[in-house]
Each structure stands twice: as structure tokens, then as C-alpha cells.
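Each chain is listed here by its residues.
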Amino acid sequence: MASEWDKIIIGIDPGTNVMGYGLLGIKSKKPQLIAMGVIKLNRMDDHYMRLRHIFDRVSGLIDSYLPDEMAIEAPFFGVNVQSMLKLGRAQGVAMVAALKHDVPIAEYEPRKIKMAITSNGGASKEQVAAMLQRTLKIDKEEMPDFLDATDALAAALCHFYESSKPVTASGDAKSWKAFVNQNPDRVKK
């Protein structure tokens, strides 16, 4: 499975009731859906068992699909401190599963992910899902019931876009004047 792709990115939308995941395969610089779904945790009463289940399932996804990189949505600041703490733990456990498998991690704020996918940082989950469906040419039947899965796929696609941007060296000039000052021998008078 992994050999047919140039790169595989796993996206994670952390949650303590429902955690989304999405896997993108990159072939010839074009992203394509491999799989997406959710890990349902709301049937478990013990918070610590939920964390163990997250670790086991994310590790299983990594073992099955052998992703090269992980993109994970950063928790946003909410009013409920207890919810934030639990969400942060879920995110941390998913990250540890990636680290245990030597998978590099990139973290993105929800607003940045929405901006990358829809050009609107305030887009709804439904708008993100619709744009993913169009961009990745996903059949309507393949679209999940839980938007946590499309949020995770959006994190993976955002990471693909971000990692595909040209990298500039730290010494690159920020303006023509700076370029001339840094490269006097390359300027003809």
C-alpha cells in the first residue's frame, strides 16, 4: 500500500468522544483520499481507557498505512477548562503514538486549516467537508456521517499545501534593496 504513494499524510482531529482520522496519499504532487473515519470513544466511561484506546487505534492506523507525516489539529481555547484538558490529553496521546513510530508531526490551528481548505478561516465544518469533496473528488457515498473525519482529512490536506510551498533560505532578501545589499556582485550598473 505505502509503496504506491510518494508520501502518505495522516490527519487527526483530536476528541475525547469522537476522534477523526484521514489519510491522504500523494502521487506526482497530487493528493488523493486513501481512507477516513472516526474512532468512537463515547461508549467508554473511564477517561484513561479512552486515552489508551486512542493510542492503540492511532498506532494501528500508523502500522496499517505507514504514513510519512502526521498533521494534527491544535486544540482551540474554550471556556470549559476541563474539556480543554481532556482534549489536550487526547491530542498528546495521538502525538505519542506518532512519535513512537518515528512519524514527524505538524500542528495546525483550526482557523489555519479552514483557511487552507476554503479560503475562509471562519468556515463551517460542512463547508470544509464540501470543499474537500470537490477538491479530492470524493463520491457522495464515501462522505462520512461524522464531520470529525473530514476535519482530520482537512488537517492532512492543509499540511500537504503547507509542505508543498517553496522554501526560502533564511538569508533570502525580503526586498530588492536587501537583495542588492546582499549581492552587490550580481548587480550590473
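Further up the page is the structure itself.
Residues numbered from 1 in each chain as written. Predicted model: local features only at pLDDT ≥ 70, side-chain atom pairs only at ≥ 80, totals over all residues. Heavy atoms only, no water.

Student: Requested: an account of the packing of helix H3 (residues 110–118) against helix H5 (residues 147–164), with residues and values cited.
Tutor: Closest axis-to-axis distance for the H3/H5 pair is 9 Å, and the angle between their directions is 75°. By the criterion of interaxial angle, the relationship of H3 to H5 is roughly perpendicular. Taking contact as the criterion, the partners of Lys112, Ile113, Ala116 and Ile117 in H3 are, on H5, Ala154, Ala155, Leu157, Cys158, Tyr161 and Glu162. Partitioning the contact of H3 with H5 into residue classes produces eight nonpolar, no polar and two charged. (Axes fitted to C-alpha atoms, helices over the stretch in contact; angles between N-to-C directions. Helix = DSSP H or I, 4+ residues; strand = E, 2+ residues; numbered from the N terminus. Parallel < 35°, antiparallel > 145°, perpendicular 65-115°, else oblique. Contact = heavy atoms within 4.5 Å. Nonpolar A, V, L, I, M, F, W, Y, C, P; charged D, E, K, R; others polar.)

Student: So what's going on with the side chain of threonine 150? Which residues, and what values?
Tutor: Mapped onto the fold, threonine 150 is located in helix H5. The class for threonine 150 is buried, based on a relative accessible area of 0%. Residues in contact with threonine 150, not counting those within four places in the same chain, are Met36, Ala129, Leu132, Met143 and Pro144. (Buried < 20%, exposed > 50% of the residue type's maximum accessible area, 1.4 Å probe, protein only.)

Student: Go over the pattern of salt bridges, please, and point to the residues and values.
Tutor: Tallied over the entire structure, the rule returns four salt bridges. Between glutamate 162 and lysine 112 there is a salt bridge whose closest N-O contact spans 3.6 Å. Here the residue glutamate 162 occupies a position in helix H5, and lysine 112 occupies one in helix H3, the gap between them amounting to 50 residues. Of the residues examined, glutamate 162 reaches a relative accessible area of 25% and is grouped as partly exposed. Between lysine 125 and aspartate 151 there is a salt bridge, with its nearest N and O atoms 2.2 Å apart. Within this pair, whereas lysine 125 is found in helix H4 (residues 125–135), its partner aspartate 151 is found in helix H5, the two being separated by 26 residues in sequence. (Salt bridge = Lys/Arg side-chain N within 4 Å of Asp/Glu carboxyl O.)

Student: Describe the sheet that holds strand E1 (residues 7–13), and please don't skip the residues or the numbers.
Tutor: In spatial order, the strands read E3-E2-E1-E4-E5; together these five strands make up an open sheet with mixed pairing. Only two strands of the sheet have a single partner each, and these edge strands are strand E3 (30–40) and strand E5 (105–108). On average, each strand axis in the sheet is tilted by 20° relative to the strand beside it, whichever way the strands run. Here E1 runs beside strand E2 (residues 18–27); their pairing, made up of seven bridges, is antiparallel. When the sheet's bridge partners are listed, isoleucine 12 is paired in E2 with tyrosine 21. (Pairing = 2+ DSSP bridges.)

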